[in-house]
Amino acid sequence: MNFGRGPSVVLNVGGTRYSFSREVLKDFPLRRVSRLHGCLSEQDVLEVCDDYDRERNEYFFDRHSEAFGFIMLYVRHGHLRFVPHMCELSFYNEMIYWGLEGSHLDYCCQRRLDDRMSETCTYYTAEEPNGGPEGKGRRPAGPEGRKWLERMRRTFEEPTSSVAAQVLATVSILFVIVSMVVLCASTLPEWRAPENRSVEEQSRYTAESVREPSGIIEAICIGWFTAECIVRFIVSKNKCEFVRRPLNIIDLLAITPYYISVLMTVFTGENSQLQRAGVTLRVLRMMRIFWVIKLARHFIGLQTLGLTLKRCYREMVMLLVFICVAMAIFSALSQLLENGLDLGTKNKDYASIPAACWWVIISMTTVGYGDMCPITVPGRILGGICVVSGIVLLALPITFIYHSFVQCYHELKFRSARYSRSLSAEFLN
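Residues numbered from 1 in each chain as written. Predicted model: local features only at pLDDT ≥ 70, side-chain atom pairs only at ≥ 80, totals over all residues. Heavy atoms only, no water.

As recorded by an unreviewed UniProt entry, the protein chain carries the name Voltage-gated potassium channel regulatory subunit KCNG3 and is attributed to Illadopsis cleaveri. What the UniProt record of the protein chain gives under Sequence similarities (unreviewed entry) is the line "Belongs to the potassium channel family. G (TC 1.A.1.2) subfamily. Kv6.3/KCNG3 sub-subfamily." (UniProt positions renumbered as here; feature names shortened; annotations may be inferred.)

1. Thoughts on the sheet that holds strand S3 (residues 51–53)
Taken in spatial order, the 4 strands line up as S2-S1-S4-S3 in an open sheet, and their pairing is mixed. Every interior strand has two partners, whereas the edge strands, strand S2 (16–21) and S3, have only one. Sheet twist, expressed as the average angle between the axes of neighbouring strands with direction ignored, equals 25 degrees. As paired strands, strand S1 (residues 8–13) and strand S4 (residues 58–61) are joined by 4 bridges and run parallel to one another. Along S4, the bridge assignment pairs Asn12 with Phe60. Taken strand by strand, helix H4 (residues 65–77) contacts S1 and S2, and its axis lies near 35 degrees from that of S2. (Pairing = 2+ DSSP bridges. Helix = DSSP H or I, 4+ residues; strand = E, 2+ residues; numbered from the N terminus. Axes fitted to C-alpha atoms, helices over the stretch in contact; angles between N-to-C directions. Contact = heavy atoms within 4.5 Å.)

2. Overview of the pattern of salt bridges
For the coordinates displayed, the defined rule picks out 8 salt bridges. In this structure, Glu88 engages Arg112 in a salt bridge whose closest nitrogen and oxygen atoms are separated by 2.8 Å. Of this pair, Glu88 sits in helix H5 (residues 88–98) while Arg112 sits in helix H6 (residues 107–120), and the two are 24 residues apart along the sequence. What makes Glu88 buried here is its relative accessible area of 15%. (Salt bridge = Lys/Arg side-chain N within 4 Å of Asp/Glu carboxyl O. Buried < 20%, exposed > 50% of the residue type's maximum accessible area, 1.4 Å probe, protein only.)

3. Side note on the packing of aromatic side chains
Tallied over the full model, the rule gives 11 aromatic pairs. When the ring of Tyr18 is compared with that of Phe68, the centres are 5.1 Å apart and the planes differ by 70 degrees; the resulting orientation is edge-to-face. With Tyr18 in strand S2 and Phe68 in helix H4, this pair connects stretches of sequence that are 50 residues apart. As far as burial versus exposure is concerned, Tyr18 and Phe68 are alike and both buried. Note on Tyr350 and Trp359: the rings are 5.6 Å apart at their centroids and 70 degrees apart in plane angle, and the pair reads as edge-to-face. (Phe/Tyr/Trp six-rings, centres within 6.5 Å; stacked < 30°, edge-to-face > 60°.)

4. Details of the state of the cysteines
Overall, the coordinates contain 0 disulfides when judged by the stated rule. Cysteine Cys357 remains unbridged, with the sulfur of Cys324 as its closest cysteine sulfur at 9.3 Å. (Disulfide = S-S within 2.5 Å.)

5. Let's talk about a nonpolar patch on the surface
A grouping of Tyr313, Val317, Val321, Val325, Ile329 and Leu333 is seen on the molecular surface, where their side chains present a nonpolar patch of about 520 Å² in accessible area. Within the fold, Val321 resides in helix H15 (residues 313–340). (Patch = residues over 30% accessible without salt bridge, like charges linked within 9 Å, V, L, I, M, F, W, Y side chains within 5 Å. Areas by Shrake-Rupley, 256 points an atom, 1.4 Å probe, with all protein chains shown as cover.)

6. Quick look at the UniProt feature "transmembrane region" (unreviewed entry) in the protein chain
If you check UniProt for "transmembrane region" (unreviewed entry), the listed places come out as residues 163–188, 215–235, 247–269, 289–309, 316–337, 349–369 and 381–405 in our numbering. In residues 289–309, helix accounts for 48% and strand for 0%; the two terminal C-alpha atoms are 20 Å from one another. Helix makes up 100% of residues 316–337 and strand 0%, whereas the separation of the span's terminal C-alpha atoms amounts to 31 Å.

7. Thoughts on the nonpolar core
Residues Tyr59, Phe61, Phe91 and Trp98 are the most contacted members of the largest nonpolar core, which totals 38 residues. Mapped onto this core, the elements with two or more residues apiece are S1, S2, helix H3 (42–48), S4, H4, H5 and H6. Per-element accounting of this core gives the leading share, 7 residues, to H5. Residues within four places of Phe91 in sequence aside, it is in contact with Ala67, Phe70, Ile71, Leu80, Arg81, Phe82, Val83, Met86 and Leu105. (Core = buried A, V, L, I, M, F, W, Y, C linked by side-chain atoms within 4.5 Å.)

8. What to know about the pairing of S4
Looking at chain direction, S3 and S4 are connected through 3 bridges and run antiparallel. Looking at S4, one finds that Tyr52 is bridged to Tyr59. Linking two consecutive strands that pair antiparallel, namely S3 and S4, is a turn of 4 residues; a positive phi of about 55 degrees is found at Asn57 within it.

9. Some thoughts on H15
For H15, built from 28 residues, the straight-helix expectation of 40 Å at 1.5 Å per residue is met to within 8% by its first-to-last C-alpha distance of 38 Å. For H15, every residue scored as buried is listed here: Glu315, Leu319, Ile323, Ala326, Met327, Phe330, Ser331, Ser334, Gln335, Glu338 and Asn339. (Expected span 1.5 Å × (residues − 1).)

10. As for unusual backbone geometry
Phi is positive for Asn57, close to 55 degrees, though the residue is something other than glycine. Take Asn57: it is sitting in the loop between S3 and S4. Here Thr366, not a glycine, exhibits a phi torsion of approximately 55 degrees, which is positive. As for its placement among the helices and strands, Thr366 is situated in the loop between helix H16 (353–364) and helix H17 (377–395).

Next comes the structure, spelled out in structure tokens:
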């Protein structure tokens with residue numbers, strides 16, 4: 001710990017004192033408490049707690065003492081439950097203050113919280129380190145350059161944080177829509193180059209396509225996306241974390257193919273290998289479809305989907321395991337009943353187990369294209385069992401995914417509401 005004296009520190013939470021050593025605070029499971037370890041001055045300490053006693057080396061938090069006692073039970077034993085006779089939303093507010101999320105609750109308490117939130121339409125989220133839109137009064141006064149960078153970062157990262165952010169998000173959405181319209185229109189027969197062009201004509205067409213209206217629109221869109229990505233990288237706090245974020249990786253996947261295709265066109269020229277490179281160029285250009293995912297930066301629904309998939313990866317893996325096991329069993333049995341046994345009729349569609357896997361997957365998901373189906377009585381009975389099993393197996397993990405989806409939506413919705421209130425205050429000012 002970089003501030004204070006003595007081998008231990010005291011946390012005073014609503015009148016109840018807890019004593020810890022300095023090293024314990026460094027990796028403390030509660031995010032707000034662990035932030036004390038990096039405080040360099042008393043001003044930094046007061047950003048984390050409500051008051052500080054230098055003589056006793058005691059940090060005071062004006063929070064619910066009984067709720068913190070239950071949170072400390074989670075720190076010691078790994079189980080977090082609601083305080084009896086305490087409002088679920090109030091306890092959840094205490095959890096968010098100390099740096100915990102709804103996923104840390106036991107499953108029964110998670111269901112109670114989801115039901116409570118759905119009934120009251122109340123949303124909570126973690127507090128920003130600098131106080132967020134509602135804690136601007138507590139934000140430390142820093143250099144003008146740092147304030148400017150923070151304002152720029154919020155403008156590009158939070159679409160509802162200010163009027164400028166709203167305008168920027170709207171322009172970005174328009175560029176995505178225009179780029180998608182151009183991409184779809186470029187696949188029309190009237191827009192595509194005739195297939196009977198010679199190699200030299202095809203090379204000349206590829207070089208001149210950049211100067212066509214569609215090529216100009218595409219270049220403008222790419223220029224906007226590139227500039228936006230560069231500015232967001234410059235104003236980001238942690239450059240390594242910026243590169244690791246999924247949405248930023250998607251931005252790079254959407255932008256990079258354009259520059260690769262341009263470089264390939266320039267270096268290929270009239271080379272005889274252009275026909276081979278043309279396939280690569282078409283693949284790279286089609287990767288522009290990733291631009292659609294950029295809309296996730298501006299729509300809560302897509303953000304909720306991504307956050308749910310991130311938190312429910314175990315359930316998703318479990319779902320895939322269920323499907324793979326059932327596919328292996330039913331494909332082997334269907335191949336045996338339809339083609340492996342000498343029953344007088346052999347179904348050529350089930351000549352192998354890999355071929356039968358296609359029938360199993362479309363049957364379990366109740367798609368049923370009808371391109372292949374069993375013709376023997378045992379095979380049809382197996383098909384009915386396969387369909388019913390698919391419905392049951394696919395429905396089992398859905399409950400876990402649903403509760404996580406509701407929780408993610410609550411968190412993101414309240415976060416958006418907080419910045420909307422900040423935007424309304426900006427209009428009033």
